[in-house]
Amino acid sequence: MTDTEGATPAADTPDGTAAATESLAVWLAARSDAELAELLRLRPDLAVPPPANQSVLAARAEQRASVLRAADDLNVLELTLLGLLALERAAEAGVRREQLTDALAGRAPVRTVDRALDVLRARALVWGTRTLRVAVAAAGAVTWRIDQPGDIMSADEIAAALDTLTDAERRLLGTLATSSPIGRTRDAAPGTPPDRPVQRLLALGLLHWIDEQTVELPYQVGQALRGETVTDPSALTPPPIRAKKHKIADVNAAAAGEALELVRHCEDLIAALGDQPAPTLKAGGLGIRETRRLAKAAGIDEARVSLLAELLGAAGLISSGAPDPLPTPDTGDDYWAPTVAADAWLNSSTAQRWQAIAQAWLEMPRRPWSVGLRDVNDKPIAALSEEVRASGAPRDRRFVLELLAELGTGQGATVAEMAAAVAWRRPRWSARLGAGAVEHTLAEATAVGLVGRGAVTSPGRSLLHGAPPESVLAEMTAALPAPIDYVLVQADLTVVAPGPLVPDLQEQITLVADVESAGAATMYRIGESSVRRALDAGLSAAELQALFANHSRTPVPQALTYLIDDVARRHGRLRAGIASSFVRCEDPALLAEVLSSPVAEPLALRALAPTVAISQASLAEVLEQLRAAGFAPAGEDSSGSIVDLRPRGARVSRRRQRLVRTPSAPSDEQLASLVRALRAGERAAAVPRGEGVRSDGSRASSAATIALLQLAARVKRSVRIGYVDAQGVASERIVDPVSVGGGQLDAFDPAAGAVRRFTLHRVTSVALVD
C-alpha cells in the first residue's frame, strides 16, 4: 500500500483491503469540530501559532518534537501499539487493524486495544479506522525494543543477575547506562573467551549482541542500574493494586496529627531563624552547619529541617536578605530569616497555617527530597538552593496523588504498588519519576497531611481537585481535633494538654512552661526559669495562680503554688531601666551585693544612692548579665511598670517569588475559535482563485487593493484576503467586506462570526471569490 498525499478518505473493498491510504491532513479535515478541539486541547503546541489550515496542522502534528511530547502522556499499552504500527511500516503504507491484532498475539483484550487506539487517534498519533497510519517519528517514542518481548528479562531476573556481577562488569554496565546504550568492543566477536566481562554479560542477558563489534544495553537493565522502575513491556494491562480500605475518619485523623506536627515544627523553625538568622551560602541555599544548628535548636532531625525550610520558602514565610535587626557581628552577607508575612501566619488558625503550607508544597517547582543528594560535581545539594528547583515537580506530584485518589475515598496503596502503577501509566517519565521519586513524593505528602494511612485525605482531595479555599479550610478544620480550654497539672510540675489548646491558653501555657514532648497530647514542664519568663512578660504571681486554678482539670499541686510564690518574691526586687541603664532596688543590702559582685565591673555599675546605680551598658545587656550572675532583675518603663523586653526575632522583607511560566490550558471558547479559524482557512484554500491583486507596498498596488475591496463591498461579494497579523503570522481567509476607509477594512469574518477590523497595510493580497 502506498500513501497518496491529499487523497480522499480510503474506501474499504469487500475483501477487507483498502484501496488507498489517506493522509493526515485529509483525515483531520473529516474530523468534527469537537474532535479537532479535543486534539488542540491534548496537544496545545499544535495551536501556537494558530494553524492556517489542515495541511499546516497535519505538518505540525507529524513533527518529531511534537510527537514525542504527545507520547509522554501514553501508557505502556498505547506506546506498544504505536511501536508495533511503526514496526509494521504503518508510516509508509498503513497497517490493517487485523495485522495489529495478530502482532499482539492475544496479549491484551480487543476492547482494551480499541480504547487505546481511540486515545492515539484523539492525539492524531494514529489515524484511520481499518487501515492505520502513524507519523514517521512515532518509532522514536518507544524507549524499549518491542520486537522481541520474549527476550526481555523481568525486574526480579535483572536484579538477580546484577547481584552476581564483579565490580568491573558493573562499571561497564554503568557506563552504558549513563551514556549511550550502544557500545563498541572487540570482545563481542565469536570465539572470545567466555570469562571476559562482555561475554559474561551477554550470557546473563544483561547485554544484547548486535554484531561482532557492537553490543547494546537493554532499556530495562539501564532502568534498574539507574534506580528507576523497570518497565515490563509484556504487561499490556495495568498492574493490580490491592487497595486497602480505611475509614475516612481514621485517614483524616492520621493526617490531622501530621498537620499539627508540621505546623508546630514550622513555628519552631521560624522562631530559631528569628533568634539567629542563618547565613546564605555564596552559591545560595542553607549550609550543612546551619542546618545542624537549626535542627538542634528546633529539636528535629536535619532531613525534617530541609523539608520545612523548602516549604516555608515556597510559602514566602522565610527568605534571604538583610534582616532587621542585623545579626551581631554583621558580615554584610544575606541571611535566611523569617519574612514579615510570618507574623500574620503565626497569628492564623491551625487550619489556615496548614492550608498555606500544603498549597505551597503542591505548587512549588522544587523537589525537597533531593536535598542531600549529590550534584554533577559530587557535592551535596543544599536546601533552598537552585539545584533543588525542578519545573516539572508540580505536574509529577499531582499525577502521583491523582492516581492514588482514583482508588476511591479511604482506599490506600503501598509504595511499591503506586510505583508500579506510575511506571505503567507513564513509562516515558521513568527517568525522573522512578520508584524512589514516587516513594519520596508519597512520604512528603504524608508529612504535609495530604495523605494518611496510604490514602488521600478529604482536605487533600479538595486541594488536589481545585476546590475553593474555604472548602479546603473547612475540611481540615473538621479533621483537626477540637481545641480544648483545659490542661492537666501533675504533681511533678508537668502540664499535659490532651489536645490542641485554644489560642489564648496556648500562648499563656507556652509562656509559663517549656514543651517537653509533643504529639496528639503535649507535655509541658514548669521550672524556675519558665516562671521567671512569664513574670518578665508582665504576668503577676496572682495571675499565674489563677491561670492554673481556672484551667486545670486536676488539683493544682502545692509544689507549683510554692514555686510561683518563691520566684515572684525574688523577682523584680531588683529593677533595671534606661539611663543608658539604671538599676534600682528597695533593699540597699541587695544592691550592695550586686555592686560587690564580679558582674559589676563589666557592666561598669556605679552607685548614685543606696537604692540606685547606673551603667553605660544597654538595658538588654544589663538584664542578661545580671540574670547570668544569679540575680532576678525585671525591666521597667518610665512609670515603673514591668515591661516585656523579650526579643521579637529578626525579619526580612518578603522577596517577590520567581514566576514559573506554565502555559495555561486553552478554554472551550478559545478552542472553538481556533477550530472556526482553521475551518475558515481550509475553505479559503479550497475556493478557486479568481482575478485579484497583490500588494507590494507601492502606491499603485495599495490603490488597486482598496478599489477591489470597495467594489466587493458595493456588490456584496466575498473576497479572499492574505493578511499578516501583529505577531507576524500570515494567513488567508474569506471575508465579506462591509466598508473601506481610514486605512481600515471592516468585514464580516465567518471564522469569528462577527464583523472584524483589518488594517489595510497588513493586507497582502485580495481576490474575488468566484
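What counts and how
- Throughout this description, residue numbers start from 1 for each chain and increase along the sequence as written.
- Residues qualify for local features only when their pLDDT is at least 70, as the model is predicted, and side-chain atom pairs are given and counted only at 80 or more; totals for whole chains, interfaces and linings, by contrast, use all residues.
- Side-chain figures throughout are based on the complete set of non-hydrogen atoms in the structure, without hydrogens or water.
- Paired strands, in this sense, are two strands between which DSSP finds at least two bridges.
- Secondary structure elements are taken from DSSP: a helix is a run of H or I of four residues or more, a strand is a run of E of two residues or more, and numbering for both begins at the N terminus.
- The cut-offs for exposure are 20% and 50% of the maximum accessible area for each residue type, with area from a 1.4 Å probe on protein chains only; residues under the lower value are buried, those over the upper are exposed, and the others partly exposed.
- Polar contacts, as used here, are pairs of N or O atoms within 3.5 Å; protein pairs need one atom able to donate a hydrogen and one able to accept it. Residues neighboring in sequence count only if both atoms are side-chain atoms.
- We call two residues in contact when some of their heavy atoms are within 4.5 Å.
- Stacked, tilted and edge-to-face pairs are distinguished by plane angle, under 30 degrees for stacked and over 60 for edge-to-face with tilted covering the rest, among Phe, Tyr and Trp rings (Trp via its six-membered ring) whose centres lie within 6.5 Å.
- Sitting over a ring, as applied to charges here, requires NZ of Lys or CZ of Arg to be within 6 Å of the ring centre and within 35 degrees of the ring normal.
- Surface patches are defined over residues having more than 30% relative accessible area and no salt bridge, joining like charges when they lie within 9 Å and nonpolar side chains (Val, Leu, Ile, Met, Phe, Trp, Tyr) when within 5 Å.
- In short, Shrake-Rupley with a 1.4 Å probe defines the accessible areas, and a residue's cover is counted only from the protein chains shown.
- Any carboxyl oxygen of Asp or Glu within 4 Å of a side-chain nitrogen of Lys or Arg constitutes a salt bridge here.
- Computed over the protein atoms alone on a 1 Å grid, cavities are sets of points where a 1.4 Å probe fits but cannot get out and pockets are open sets with protein on both sides within 12 Å along at least five of seven lines; a residue lines them when it has an atom within 4 Å of a point.
- Grid points are joined across faces, edges and corners, and a volume is the space filled by probe spheres set on the points.
- Amino acids outside the nonpolar list (Ala, Val, Leu, Ile, Met, Phe, Trp, Tyr, Cys, Pro) and the charged list (Asp, Glu, Lys, Arg) are all regarded as polar, and Gly is one of them.
- Only the contacting stretch of a helix is used when fitting its axis, a line to C-alpha atoms as for every element, and angles between N-to-C directions run 0 to 180 degrees.
- An angle counts as roughly parallel when it lies under 35 degrees, as roughly antiparallel when it exceeds 145, as roughly perpendicular when it falls between 65 and 115, and as oblique in every other case.

Another point: the sheet that holds strand β16 (residues 514-517). Here we have 4 strands laid out as an open sheet, ordered β14-β15-β17-β16, and antiparallel in their pairing. Two strands close off the open sheet at either side, each with one partner strand: β14 (488-489) and β16. Bridge analysis of β16 against strand β17 (residues 522-525) gives 3 bridges, and the strand direction is antiparallel. Note on β17: the bridge partner recorded for Asp-514 is Arg-525.

When you line up the elements, Ser-66 lands in helix α4 (residues 64-71). Under the relative-accessibility criterion, Ser-66 is labelled buried at 2%. For Ser-66, the side chain forms a polar contact with the side chain of Arg-43, separated by 2.7 Å. If sequence neighbours within four positions are ignored, Ser-66 has contacts with Arg-43, Asp-45, Leu-46 and Arg-60.

The tally for this structure, following the rule as stated, stands at 2 aromatic pairs. Ring geometry for Phe-399 against Trp-429: centres 5.2 Å apart, planes inclined by 65°, an arrangement best described as edge-to-face. Here Trp-429 lies in the loop between α18 (415-425) and α19 (435-448) and Phe-399 lies in helix α17 (residues 393-405), a separation of 30 residues in the sequence. With respect to class, Phe-399 is no different from Trp-429; both count as buried. Here Tyr-723 and Phe-758 contribute two aromatic rings whose centre-to-centre distance is 5.1 Å and whose plane-to-plane angle is 80°, an arrangement assigned as edge-to-face. Here Tyr-723, found in strand β24 (residues 719-724), pairs with Phe-758, found in strand β27 (residues 754-759); they are 35 residues apart in sequence, far enough to count as distant. Taking the relative accessible area as the measure of exposure, Phe-758 reaches 0% and is therefore buried. Against the face of Trp-429 rests Arg-395, its NZ or CZ located 5.2 Å from the ring centre.

Looking now at a nonpolar patch on the surface. Together, Val-738, Phe-748 and Val-755 line one region of the surface with nonpolar side chains, adding up to about 250 Å² of accessible area. On the secondary structure map, Phe-748 appears in strand β26 (residues 744-749).

This brings us to empty space enclosed by the protein. Following the criterion strictly, the structure yields 3 cavities of 30 Å³ or more and no others. If you go around the largest cavity, the residues you meet are Arg-367, Trp-369, Ala-393, Asp-396, Arg-397, Arg-432, Leu-433, Ala-437, Thr-441 and Glu-444. Breaking the lining of the largest cavity down by element, the ones donating at least two residues are α17 and α19. In terms of residue class, the lining of the largest cavity is built from 4 nonpolar, 1 polar and 5 charged.

Attention shifts here to the packing of α17 against α19. Contact geometry for α17 and α19: axes closest at 10 Å, N-to-C directions at 75°. Accordingly, the angle class assigned to the pair α17 and α19 is roughly perpendicular. Where α17 abuts α19, its residues Arg-397, Val-400, Leu-401 and Leu-404 lie against Val-438, Thr-441, Leu-442 and Ala-445. In terms of residue class, the contact of α17 with α19 is built from 6 nonpolar, 1 polar and 1 charged.

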